[in-house]
Amino acid sequence: MTDRSTVENGQNGNSNSTNSSTVLDIYPLSCYYFGSKDVLPLRNETVTDRVLRMKANYDAYGMRTCVAAVIVVELFKHPHLLVLQINNSIYKLPGGRARFGESDTDCLKRKLLSKLCVGEESRGPEWEIGECLGMWWRSDFETLLYPYLPPNIKRPKECSKLYLIKLPASRRFIVPKNFKLLAVPLCQVHDNEKTYGPVISGIPQLLSRFSFNIVEP
């Protein structure tokens, strides 16, 4: 029999008052297998080179669209966010840039297969892409991302969308050797922009309307 314990984010502990759409099942970290695969080549470019590349892509394809995965697991009875650490320094959510004409869902599935799976994993459980939790905008090529689009900006250069990923009870995570997949407590991520940046540090607020239902195997 499955043992379920619910961590309520609201003051009312009555589960009957909780809408099922705001209950998020999360499974213990121990339910998942973690391995490594070959190094994933990364761009080695200066800030100037990156800006020039973004301008060229914008001229050719229009606004850049990026998608990122919000994946939550349980550890020590507390929700943890899965984040990628690149070269032992930069923290990012799994995801990346969409190709021209590619849907958000197709892009995120492709990026998750590329960064968190290997080979035969493409025939494993399909990634369940949930709702869009939030959107961040870049008004020009050199500014930071903001969680809103200023009304005076008519041609934004980038839109990044955060999607909730609903994990099954088991899955294999296979990560490139130059990446680390870390489970970070939401309490550590919250308002910690200095370490994780504005997007990741704002995720606990985006998840605040959910009740976490910890599913014990």
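Data block above holds the structure.
The model shown is predicted, which means the values in this text are computed figures rather than measured ones.

1. Points about the pairing of strand β5 (residues 78–86)
Moving on, step 1. By the criterion of burial, β5 is predominantly enclosed, with eight of the nine residues buried.
Moving on, step 2. Bridge analysis of strand β4 (residues 64–75) against β5 gives four bridges, and the strand direction is antiparallel. Bridge pairing in β5 places Leu75 opposite His78.
Moving on, step 3. Connecting the antiparallel pair β4 and β5 is a turn made up of two residues, with Phe76 showing a positive phi of about 55°.
Moving on, step 4. Where β5 folds back on strand β6 (residues 90–92), the antiparallel hairpin that results is connected by three residues, among which Asn87 adopts a positive phi of roughly 55°.

2. Some words on the environment of Tyr146
Moving on, step 1. Mapped onto the elements, Tyr146 comes out in the loop between β8 (128–138) and β9 (158–166).
Moving on, step 2. On a C-alpha basis, the gap between Tyr146 and Val199 in space is 8.6 Å, while along the polypeptide they are 53 residues apart.
Moving on, step 3. Non-local contacts of Tyr146, meaning those with residues more than four positions away in its chain, are made with Met135, Trp136 and Trp137.

3. Details of a nonpolar patch on the surface
Moving on, step 1. On the surface, a cluster of nonpolar side chains totalling about 340 Å² of accessible area is made up of Leu144, Tyr146 and Tyr148.
Moving on, step 2. By secondary structure assignment, the location of Leu144 is in the loop between β8 and β9.

4. Some details on the environment of Asn57
Moving on, step 1. Of note, Asn57 is situated in helix α1 (residues 47–61).
Moving on, step 2. For the pair Asn57 and Lys157, spaced 100 residues apart in sequence, the C-alpha to C-alpha distance is 9.9 Å.

5. Looking at the pairing of strand β10 (residues 172–176)
Moving on, step 1. Most of β10 sits out of view: four of its five residues are buried.
Moving on, step 2. Across five bridges, strand β3 (residues 33–37) lies against β10 in parallel orientation. For Tyr33, the partnering residue across the bridge sits in β10 and is Arg172.

6. What to know about the layout of surface pockets
Moving on, step 1. Size it by volume and the largest pocket reaches roughly 1,800 Å³.
Moving on, step 2. Around the largest pocket, the lining comprises 47 residues; the ones closest to its centre are Arg50, Arg64, Ile86, Ile90 and Lys92.
Moving on, step 3. Elements with a contribution of two residues or more to the lining of the largest pocket: α1, β4, β5, β6, β7 (95–97), α2 (104–116), β9 and α4 (193–201).
Moving on, step 4. Sorting elements by how many residues they give to the lining of the largest pocket places α4 first, with five residues.

Rules used throughout
Residues numbered from 1 in each chain as written. Predicted model: local features only at pLDDT ≥ 70, side-chain atom pairs only at ≥ 80, totals over all residues. Heavy atoms only, no water. Buried < 20%, exposed > 50% of the residue type's maximum accessible area, 1.4 Å probe, protein only. Helix = DSSP H or I, 4+ residues; strand = E, 2+ residues; numbered from the N terminus. Pairing = 2+ DSSP bridges. Contact = heavy atoms within 4.5 Å. Patch = residues over 30% accessible without salt bridge, like charges linked within 9 Å, V, L, I, M, F, W, Y side chains within 5 Å. Areas by Shrake-Rupley, 256 points an atom, 1.4 Å probe, with all protein chains shown as cover. Salt bridge = Lys/Arg side-chain N within 4 Å of Asp/Glu carboxyl O. 1 Å grid on protein atoms, 1.4 Å probe; cavity = no way out; pocket = protein on both sides within 12 Å on 5 of 7 lines; lining within 4 Å. Points joined across faces, edges and corners; volume = space filled by probe spheres on them.

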